[in-house]
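# Chain and residue survey
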Amino acid sequence: MIPLSLLISWSHLIVRKRQTLASVLGVAMGVGFFISVSGMMKGFHDFFRTQIIESNAHIVISDEVRHPPRQPAELTYQNAAIQVKRAFPQEPVRGILGASTIIDSLHQQGIAAAPVLRGQVLLRRSGRDAAVSMLGIDPDIEGTVTTLPEDLIAGSLNALNSVPDGIIIGNLLAEKLGASLGDSLIAATPAGIITNLKIVGVFRTGLNQLDEGQTYVHLVKQQSLQNRPRVINEIRIRLPDVAQSIPVASSLETRWGYKAAPWEETNSRVLAVFQIQNLIIYSTVSAILIVAGFGIFNIISTVVLEKSRDIAILRSIGLNSSNISNIFVIEGTVVGFLGSLMGWIIGYGLSWGIEQIPAPGASDPTQTLIVDGSLDRYLLAGALAVITSILAGWLPARKAARLNPLLIVRGAT
Amino acid sequence: MSIVLETINLSRILQEGDLKVTLVDNINLQLASGEFTAITGPSGSGKSSLLYLLGLLDSPTQGDLLINGQSTTQLSEEERAWIRLNSFGFVFQFHFLLAELTVLENVMVPMRQLGKLTRQVMGKRALELLAAVGIADQSYKRPAQLSGGQRQRVAIARALANDPQFIFADEPTGALDTKNANAVFDLLAGLARDQGKTVAVVTHDENLASKTWRRLRMEDGRLIDNNLNKAA
Ligand SMILES: Nc1ncnc2c1ncn2[C@@H]1O[C@H](COP(=O)(O)OP(=O)(O)O)[C@@H](O)[C@H]1O
Ligand SMILES: [Mg+2]
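Residues numbered from 1 in each chain as written. Chains lettered and ligands numbered in written order. Predicted model: local features only at pLDDT ≥ 70, side-chain atom pairs only at ≥ 80, totals over all residues. Heavy atoms only, no water.

### Some points on empty space enclosed by the protein
Counted by the stated rule, this structure contains five cavities of 30 Å³ or more. Of the pockets and cavities examined, the largest cavity occupies roughly 120 Å³. I317 of chain A together with F88, G89, R158 and A159 of chain B are, among the 14 residues lining the largest cavity, the residues nearest its centre. Elements supplying a minimum of two residues to the lining of the largest cavity: α14 (308-317) of chain A together with α2 (77-87), β6 (88-91) and α5 (148-159) of chain B. Its residues assigned to classes, the lining of the largest cavity shows nine nonpolar, three polar and two charged. Put simply, the second largest cavity is a space of about 70 Å³. (1 Å grid on protein atoms, 1.4 Å probe; cavity = no way out; pocket = protein on both sides within 12 Å on 5 of 7 lines; lining within 4 Å. Points joined across faces, edges and corners; volume = space filled by probe spheres on them. Helix = DSSP H or I, 4+ residues; strand = E, 2+ residues; numbered from the N terminus. Nonpolar A, V, L, I, M, F, W, Y, C, P; charged D, E, K, R; others polar.)

### What about the pairing of strand β8 (residues 214-218) of chain A?
Residue and element names in this part refer to chain A. With five of its five residues buried, β8 lies for the most part within the structure. When strand β3 (residues 128-137) meets β8, the two strands line up parallel, connected through five bridges. Paired with G136 across the two strands is V217, which belongs to β8. Pairing between strand β5 (residues 166-170) and β8: two bridges, direction antiparallel. (Buried < 20%, exposed > 50% of the residue type's maximum accessible area, 1.4 Å probe, protein only. Pairing = 2+ DSSP bridges.)

### Some words on the nonpolar core
Ranked by internal contacts, the top residues of the largest apolar core, which has 71 residues, are L314 and F328 of chain A together with L50, F92 and F168 of chain B. Element by element, the count of residues in this core is highest for helix α13 (residues 268-306) of chain A, at eight residues. Ignoring any residue separated from it by four or fewer positions in sequence, one finds F92 of chain B in contact with I313, S316 and V409 of chain A together with Y52, L57, Q152, D170, E171 and P172 of chain B. Membership of the second largest hydrophobic core comes to 35 residues, among which are L160, A169, L176 and V201 of chain B. (Core = buried A, V, L, I, M, F, W, Y, C linked by side-chain atoms within 4.5 Å. Contact = heavy atoms within 4.5 Å.)

### Considerations on the site of ligand 1
Every residue lining ligand 1 is accounted for by R410 of chain A together with L14, L23, P42, S43, G44, S45, G46, K47, S48 and S49 of chain B. One of the backbone nitrogen or oxygen atoms of S45 of chain B is found 3.2 Å away from an oxygen atom of ligand 1. Note that an oxygen atom of ligand 1 is positioned 2.7 Å from one of the side-chain N or O atoms of S48 of chain B. Isolated, ligand 1 exposes 570 Å² of accessible area, and the fraction of that covered by the protein chains is 64%. With three residues, helix α1 (residues 47-54) of chain B is the largest single contributor of residues to the shell around ligand 1. (Near = heavy atom within 4 Å. Polar contact = N/O pair within 3.5 Å; in protein donor to acceptor, adjacent residues only side chain to side chain. Areas by Shrake-Rupley, 256 points an atom, 1.4 Å probe, with all protein chains shown as cover.)

### Regarding the packing of aromatic side chains
Considering all chains together, one arrives at 13 aromatic pairs over all chains under this definition. A ring pair is formed by F34 of chain A and Y282 of chain A, whose centres lie 5.7 Å apart and whose planes are at 65°; its orientation type is edge-to-face. One end of the pair, F34 of chain A, is in helix α2 (residues 17-55); the other, Y282 of chain A, is in helix α13, and 248 residues separate them in sequence. Looking at Y282 of chain A, the relative accessible area reads 26%, which means it is partly exposed. Seen from their ring centres, F90 of chain B and F92 of chain B are 5.9 Å apart, and the 0° between their planes marks the pair as stacked. For the residue pair F90 of chain B and F92 of chain B, the accessibility class agrees, reading buried in each case. Among the aromatic residues, ring-to-ring pairing joins F88, F90, F92, F96, F166 and F168 of chain B into one connected group. Stacked on the ring of F94 of chain B, the Lys or Arg R309 of chain A has its end atom at 5.8 Å from the ring centre. (Phe/Tyr/Trp six-rings, centres within 6.5 Å; stacked < 30°, edge-to-face > 60°. Lys NZ or Arg CZ within 6 Å of the ring centre and 35° of its normal.)

### Brief notes about the interface of chain B and chain A
In this complex, chain B contributes 27 residues to the contact, which on the side of chain A involves 28 residues. For the pairing of chain B and chain A, the buried interface totals around 2700 Å² over both sides, and the portion due to carbon and sulfur atoms is 66%. Considering only the surface of chain B that becomes buried against chain A, F96, E100 and R112 of chain B emerge as the three largest contributors, covering 26% of it. Inspection of the region where chain B meets chain A yields two salt bridges. In this structure, K307 of chain A and E100 of chain B form a salt bridge, with 2.5 Å as the shortest nitrogen-oxygen distance. Across the chain B-chain A interface, the total number found is seven residue pairs in polar contact (both at pLDDT 80 or more). At the level of elements, α1, α2, α3 (103-114) and α4 (119-132) of chain B are the ones that each hand at least two residues to the side of chain B that touches chain A. It is α2 of chain B that contributes the most residues to the side of chain B that touches chain A, five residues altogether. (Buried area = accessible area lost by both parts, 1.4 Å probe. Salt bridge = Lys/Arg side-chain N within 4 Å of Asp/Glu carboxyl O.)

What follows is the structure, given as structure tokens:
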């Protein structure tokens, strides 16, 4: 049998059909927007994150150290306050010493790793020029650490082996220089070497930073262009499990002494932007739920006021104060549950709608916006809505429970 | 007849800052089982205040109230609510029916709260009670569709829902015409006479009060006459 408090709650809600429906709709809207908007954000972030992880190495060991080595004078006089004037600081030869040992060791652990010499280059074609980063790579194993082979939209990676002067550039850079596959570019490096390079491949990752600012040549070619024979200044690593990037990176750094940056560190700015976006999105969609909560609070407060006679008689019949407050807490809860259920449907519908919208700026015209529709999102939105509604019912319910029935029965007699 | 309710030096003083109002002043009173008692007196003499104390709706500031020999001053709010639910039935000047529920559901409210009977038995009992007050044919209407006299009968049926030992009525006929007032009063008398319930009715209608077996008279919060009808 239906408990008394539920029966009375229900009768209050049924009599106020319009107000009840309005507050249920308020919650439903909040839940629906929460699900679809935060899902869209998550879908976008996941997509972007995958792009970053796919197109970049998981860990990059570079020829930097996090703390510069101490100067001889400092080593000699430990703990002393030293001011050395006109001393030439010790400047070690740049590059990763024993890079091939590190790579061999990684390969033995089943971790893909490839050597890189990174340097700057100025590319010029018919009066347009661009200063970009140029990576000397080993074309045979580059595919094991990044998706460069798959990202190529023209030419091939293997061409770097057969064409010694070959260069692979991004599609945005190609546009900027007005060049395409097979064209020649003039390249000038900081080492003072000027030469002609021929475009043997064009790639597109979807990340502007790479598509506009990164180029590839053969490792040996790069070593001669930069005048740094046999030098390697980066080792790019791809892990079987990307989730391990941070612990593996820190153990590599401890073991070899060179800075090993996981992709999270390399892309920390992007990830920070994601976090800020999450903060904005979640506070906005939660605010909608809170507004819906105010609506419920308002309605239940009105009911409590209107029903003070009923409360008084129920108290005299023998309901205690918690029986009374239950009535109104239940009203909030019912609205919260109905709103959540309806909100799930709205959220599902909105998510579907958003997924029909073409992604702005995508080169693939069939690419639409992605909405993450995981169950967690629905449960979280529902839980937030129900908690807000219960709270919105509980505040006036507490007031109802404190109402002195004598003031009513006495006032009427 | 045994004493089922007894007050010992019962007082209720209302204090708000410097203002001190004595609603009930040192009352000693005994009610026996099956007794039909009227509480009379001028308006503002403290009749309602005394009834609320007897009905555990209010707490005395001094003295004690014994129900079936048990002191009630130390009871918690929950325990007092439990006694009201099990053993007391209230009727007020206004019916205080729940507008959203049918007449039948209104009568079932105390039974549902007690939760001892099944849904079927409750419905059956509620119909019987409505028949006993003469409005079984109104069972499925809403209170708004009933006349004032009919509503007050529903309120009496509701007060009887859990077969209480005591009925407390505060001006139950105050809003009714003479014919209906007499009918309601006869109903209450029948409860005491036929079912042995202890019935206490506050009224300022001396005519009706003279029909009870015992008449108390209050003035300024004090009981000035304990058994007017017998003496008369
Ligand atoms: N909450 C209150 N504050 C101040 N005075 C009150 C309050 N309740 C009752 N009184 C006063 O106490 C006296 C007794 O009231 P009541 O018991 O209702 O009398 P009766 O029912 O005999 O008319 C009245 O003078 C009334 O005005
Ligand atoms: Mg009164």
